[in-house]
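Survey of secondary and tertiary structure
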Amino acid sequence: MPRKRIDTEPDAHGHFGPYGGMFVPETLMAPLQDLEREFRAARRDPSFRRDVEYYLREYVGRPTPLYFAERMTRELGGPRIYLKREDLCHTGAHKINNCIGQCLLARRMGKKRVIAETGAGQHGVATATCAALFGMQCVVYMGKVDMERQALNVFRMRSLGAEVVPVTAGQQTLKEAISEAMRDWVTNVRTTHYVLGTAYGAHPYPVMVRTFQSVIGREARRQILKQEGRLPSALVACVGGGSNAIGLFYPFLQDRGVEMIGVEAGGLGIRSGKHAARFADGRVGVLQGTRTWVLQDSEGQIRLTHSVSAGLDYAAVGPEHALLRDLKRADYSHVTDREAVDAFYTLARWEGILGALESVHAVAWLMKNARRWGKKDLILVNLSGRGDKDVQQVSAWSAKHGGPKA
Ligand SMILES: *Cc1c(COP(=O)(O)O)cnc(C)c1O
């Protein structure tokens, strides 16, 4: 008898098993339900799909290569390692795949204004880019502290014609920026689409973002079959909100022989309390529209998180990952800041690639664990973004903490 399909399709209210859902104020229910209806219709519409494919090919530069990391393979002496080169997408990371999809959806709904939240600024830049491409007005909410830390990305967004609004509530970072974007959306929903940046939040966002990011896994599956004639033994991806990981994993879900490993930010180590490893040290709770694993204290207050990588530095994780973990279909691990920075240098020196600090968490995990596999095995790592944005951060980190230096 064939084994049962791995089923992670959410129900009508966006529940991934016990996770997900729509934990939002009454005023947001109607806009979310409209969005879900429009998304389902768009997904079935051949002309919408053609438009998405067109811009991914002609503008983003897809398909991205599946590159055989020859020297890393030799140096590690174990499995054959392939890198999915999302760092070669226009704007330097996978985030634009989702922004193209959501902005085309906004256009289809007749909305001429898009808003977004951003932490490090990468999603803000990707949204501002697509807004410019499609001639839409764009407003990006960003914590004031993040704006100071990421001044270059603020300049990029403004150059692209976006308005960047400083958020001064609370910690003045990503969590507050999401809340502010939600408030704007409630007020302006007739004209405005909210482009959420990861596979997170209230339904339909997690399933919608997964759909737009699944192009990564569809390409990778086709490419590895063409290049090696067989499926990989494992997929490895870093997990912030979880969009690059779910985008890679999803098209392989029914391939039971393919292991999946998501790598969270271990920061200064779990015992230090300074990290963003939700599965290692969190509990199930509700945050920003969804039920999932959240870093919280004994009173349910959201804990402060830490990671050298801004894109992984968030207190909660996308709900589909929580279900994949319960189903034992994916495993979740973490690496520290130091291991990630070491991997940044090693990848640069072995392969001539500056990887994003987020992405090198996946590379670091593989470097530590490569010996689990033999020489015949194929391992596919998602290189979600390029590291040019991180060179100052890595340089400052090395000056302070030692270790390899440029
Ligand atoms: C934002 C970002 C991430 C983390 O987001 P996910 O939704 O978990 O993919 C990872 N890598 C890069 C390069 C990013 O910019």
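1. Structural notes on the overall build of the chain
Each helix and strand in the chain was counted, giving 16 helices and 14 strands. Against the globule reference of 22 Å for 406 residues, the chain gives a C-alpha radius of gyration of 20 Å, in line with a compact fold. Split into buried and exposed, the 406 residues of the chain put 58% on the buried side. The contacts in the chain between residues at least 6 apart in sequence include a share of 74% that link residues at least 24 apart. With an accessible surface of roughly 16800 Å², the chain has 50% of that area assigned to carbon and sulfur atoms. Taking the average place of the 56 positive charges on the side chains of the chain and the average place of its 42 negative ones, the gap between the two points comes to 3 Å.

2. Side note on the domain arrangement of the chain
Domain boundaries in the chain define domain 1 (19-57 + 94-209) and domain 2 (62-92 + 214-401). Using C-alpha coordinates to define each centre, domain 1 is positioned 23 Å away from domain 2. When domain 1 packs against domain 2, close to 2700 Å² is buried across both sides, 62% of that on carbon and sulfur atoms. Counting the surface domain 1 buries against domain 2, the share from its top three residues, Tyr19, His94 and Tyr200, is 33%. One can count 0 salt bridges joining domain 1 with domain 2. Our enumeration of links across domain 1 and domain 2 arrives at 13 residue pairs in polar contact (both at pLDDT 80 or more).

3. Brief notes about helix α15 (residues 359-369)
The element α15 is extensively covered by neighbouring structure, given that 10 of its 11 residues are classed as buried. Every buried residue belonging to α15 is among Ser359, Val360, His361, Ala362, Val363, Ala364, Trp365, Leu366, Met367 and Asn369, and all of these are buried.

4. Topic: the site of the ligand
Around the ligand, 17 residues are found, and the nearest of them are Lys95, Thr198, Gly240, Ser243 and Ser384. Within the side chain of Lys95, a nitrogen or oxygen atom sits 2.6 Å from an oxygen atom of the ligand. Within the contact set of the ligand, an oxygen atom lies 2.8 Å away from a backbone nitrogen or oxygen of Gly242. If the ligand stood free it would expose 380 Å²; the protein chains cover 97% of that surface. For the shell around the ligand, the two domains that each supply at least three residues are domain 1 (19-57 + 94-209) and domain 2 (62-92 + 214-401).

5. Comments concerning the sheet that holds strand β8 (residues 192-194)
Judged by pairing direction, the sheet is parallel, and its 4 strands sit side by side in the order β7-β6-β5-β8 without closing on themselves. Among the strands making up the open sheet, the edge pair consists of β7 (163-167) and β8. Within the sheet, the average angular offset between the axes of one strand and its neighbour, ignoring direction, is 25 degrees. In terms of strand pairing, strand β6 (residues 137-143) meets β7 through 5 bridges, oriented parallel. Among the inter-strand pairings, Met142 is bridged to a residue of β7, identified as Pro166.

6. Considering the pairing of strand β14 (residues 378-383)
Of all 6 residues making up β14, 6 are buried, and the element is well covered by its neighbours. The side-chain alternation of β14 yields two buried faces, one formed by Leu378, Leu380 and Asn382 and the other by Ile379, Val381 and Leu383. As judged from the 6 bridges shared by strand β4 (residues 80-85) and β14, these two strands associate in the parallel manner. The residue bridging Ile81 from the neighbouring strand is Ile379, located in β14.

7. Points about the sheet that holds strand β10 (residues 259-265)
With respect to topology, 6 strands assemble into an open sheet ordered β3-β4-β14-β9-β10-β13, the strand pairing being mixed. Single-partner strands in this sheet number two, and they are β3 (66-68) and β13 (331-335). Neighbour-to-neighbour, the strand axes of this sheet turn through a mean angle of 25 degrees, independent of strand direction. Judged from the 3 bridges that link them, strand β9 (residues 234-238) and β14 form a sheet pairing that is parallel. By the bridge assignment, Leu235 is partnered in β14 with Leu380.

8. Let's talk about the pattern of salt bridges
As enumerated under the stated definition, the model contains 27 salt bridges in all. Ionic pairing is found between Glu148 and Lys144, a salt bridge with its closest N-O pair at 3.4 Å. Remark: Lys144 and Glu148 occur in helix α6 (residues 144-149); sequence separation between them is 4 residues, near one turn of the helix. We classify Lys144 as partly exposed; its relative accessible area is 35%. Several salt bridges share partner residues, and in doing so they unite Arg62, Lys84, Glu86 and Glu219 into one network.

Rules and cut-offs
- Residues numbered from 1 in each chain as written.
- Predicted model: local features only at pLDDT ≥ 70, side-chain atom pairs only at ≥ 80, totals over all residues.
- Heavy atoms only, no water.
- Helix = DSSP H or I, 4+ residues; strand = E, 2+ residues; numbered from the N terminus.
- Rg over C-alpha atoms; globule rule 2.2 N^0.38 Å.
- Buried < 20%, exposed > 50% of the residue type's maximum accessible area, 1.4 Å probe, protein only.
- Contact = heavy atoms within 4.5 Å.
- Areas by Shrake-Rupley, 256 points an atom, 1.4 Å probe, with all protein chains shown as cover.
- Lys, Arg positive; Asp, Glu negative; His and termini not counted.
- Charge placed at Lys NZ, Arg CZ, Asp CG, Glu CD.
- Domains from an automatic or database assignment.
- Buried area = accessible area lost by both parts, 1.4 Å probe.
- Salt bridge = Lys/Arg side-chain N within 4 Å of Asp/Glu carboxyl O.
- Polar contact = N/O pair within 3.5 Å; in protein donor to acceptor, adjacent residues only side chain to side chain.
- Near = heavy atom within 4 Å.
- Pairing = 2+ DSSP bridges.
- Axes fitted to C-alpha atoms, helices over the stretch in contact; angles between N-to-C directions.

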